[in-house]
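Here is what each chain is made of, one letter per residue.
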Amino acid sequence: MRLRQCSNVNDFRTLARRRLPGPIFHYIDGAADDEATYRRNTEAYERCDLVPSVLAGVETIDMATTVMGQRLAMPLFCSPTALQRLFHHDGERAVAKAAEKFGTMFGVSSLGTVSVEEIGAAITTPKMFQLYVHKDRGLTNNMIERCLAANFDVLALTVDTITGGNRERDLRTGFTSPPRLTPASVLSFALHPTWTFNYLAREPFSLPQLKDYVKQGTNVAISVGDYFSTMLDQSMNWRDAEQVRVKWGRQFCLKGVMSVADARRAVDIGATGIMVSNHGGRQLDGSRSPFDQLAEIVDAVGDKIDVICDGGIRRGTHVLKALSLGAKACSGGRFYLYALAAAGEAGVEKALGNLRGEIERDMKLMGCRSLGALSRENLRFR
Ligand SMILES: Cc1cc2nc3c(=O)[nH]c(=O)nc-3n(C[C@H](O)[C@H](O)[C@H](O)COP(=O)(O)O)c2cc1C
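All residue numbers refer to positions counted from 1 along the written sequence of the respective chain. Selection of residues for local features in this predicted model requires a pLDDT of at least 70, selection of side-chain atom pairs for listing and counting requires 80 or more, and totals for whole chains, interfaces and linings are taken over all residues. Note that the side-chain values use all heavy atoms of the structure and ignore hydrogens as well as water.

Any residue with at least one heavy atom within 4 Å of a molecule or strand is counted as near it. Not every one of the 23 residues close to the ligand is listed here, only the nearest: P80, S109, T158, D310 and G333. Pairs of N or O atoms within 3.5 Å make up the polar contacts considered here, provided that, within protein, one atom can donate a hydrogen while the other can accept it, and that residues adjacent in sequence are counted only when both atoms are side-chain atoms. Residue Q130 places a side-chain N or O atom 3.2 Å away from a nitrogen atom belonging to the ligand. T158 places a side-chain nitrogen or oxygen 2.8 Å from an oxygen atom of the ligand. Think of it this way: any DSSP run of H or I at least four residues long counts as a helix, any run of E at least two long counts as a strand, and we number them from the N terminus. The set of elements that each furnish at least two residues to the shell around the ligand consists of α2 (22-29), β4 (76-81) and α15 (334-366). Any residue outside Ala, Val, Leu, Ile, Met, Phe, Trp, Tyr, Cys, Pro, Asp, Glu, Lys and Arg is labelled polar, Gly included; the first ten of those are nonpolar and the last four are charged. Class assignment of the residues belonging to the shell around the ligand gives a composition of six nonpolar, twelve polar and five charged.

So this is what it looks like as structure tokens:
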């Protein structure tokens, strides 16, 4: 299979699997424990059906949305994900450029492999920075200050990663950052010489948001689970989150809210958005899916704060279903990461293009000229 033959997320996944050494592929593809939540995140969308309207005059449609003050040309954006230069040597540079081309938001992770300064200078479209609150408050504050200077628009404080999830595929493959050759993985690296050449011959791996403060992750190999469990501040509470919001002073959201009570507290501390998310099933397996939680959260806080449905999105219809329940936008990781691994910037462009095409076609088939026309009236649960 080649890039131009990739019609859907699963096609990109197939290509990514072929291009990447096993430990890297499974880091993207895997999730926690039995991966039940990971599967459920997408299956939840199949539990309800769209009810279209016809004869609605849909020659031109408008899929723009505004979320946390950011105008997005399409209602799906790229969630922040770690370690992107391991998936393709262009990493965040490729995703940022592709997102810019489609007028949508790009999230840079605290564990990103390109600096916030470079991304800030590279694109003019909305930028989100994802913050992990570290035990080292100097590091946490430094990241906030750098993102302010680099003109990031939105800060997303991730709150579902207070300790590392049990990602058993990573335990099995011995995946670490930076990658380490283990007896189990050496064959896999040898069998993917293009990836291995690019990794060794191009710009050395680094985590520019962290490297002046910690060796772990850049110079000292560590599993991502151990990084979370040892480096992040497990005492983080609502007061800390509010202090981050005040220090940031711009659009601010909590990423990983799943309960109505927490959504209400997010409003109380002055957040302007929440990402309803279980981290793509990579943290608490058995957690409910964002789509299943969406209606009650929208009902409680949807008039006060922008609600984003994160994770499990594999089709344009999934986006339309989430928006019908009241989400302002959707976001996801793997849908563009497989494509990044498959073909760099061209891959992410194709993935976003496919999904934009699906959303456009599905809106027309739904008889819906703008996203505001979607409502619970056009959705039925079985
Ligand atoms: C490989 C990978 C790395 C991720 N890294 C981060 C991260 O550094 N910070 C974060 O808040 N979420 C991270 N996430 C979670 C994503 O932001 C997003 O919540 C998740 O991918 C949504 O599920 P989906 O992949 O089914 O779309 C990561 C996800 C993946 C797949």
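Now that the structure is up, let's keep going.
The linkage connecting S177 with the following residue, P178, adopts the cis geometry, with an omega of -10°. Checked against the element boundaries, P178 lands in the loop between α7 (168-173) and α8 (186-190). Phi is positive for N151, close to 65°, though the residue is something other than glycine. Phi angles above zero are rare outside glycine, and H279 is one such case at about 65°. In this fold, H279 is placed in the loop between β9 (273-276) and α13 (290-301).

Attention now moves to the environment of R265. Following the sequence through the fold, R265 ends up in helix α12 (residues 260-268). Exposure classes here rest on a 1.4 Å probe applied to the protein chains alone. A residue is buried below 20% of its type maximum, exposed above 50%, and partly exposed in between. Residue class for R265 comes out partly exposed when judged on its relative accessible area of 42%. Expressed as a C-alpha distance, the spacing of R265 and R172, which sit 93 residues apart in the sequence, is 38 Å.

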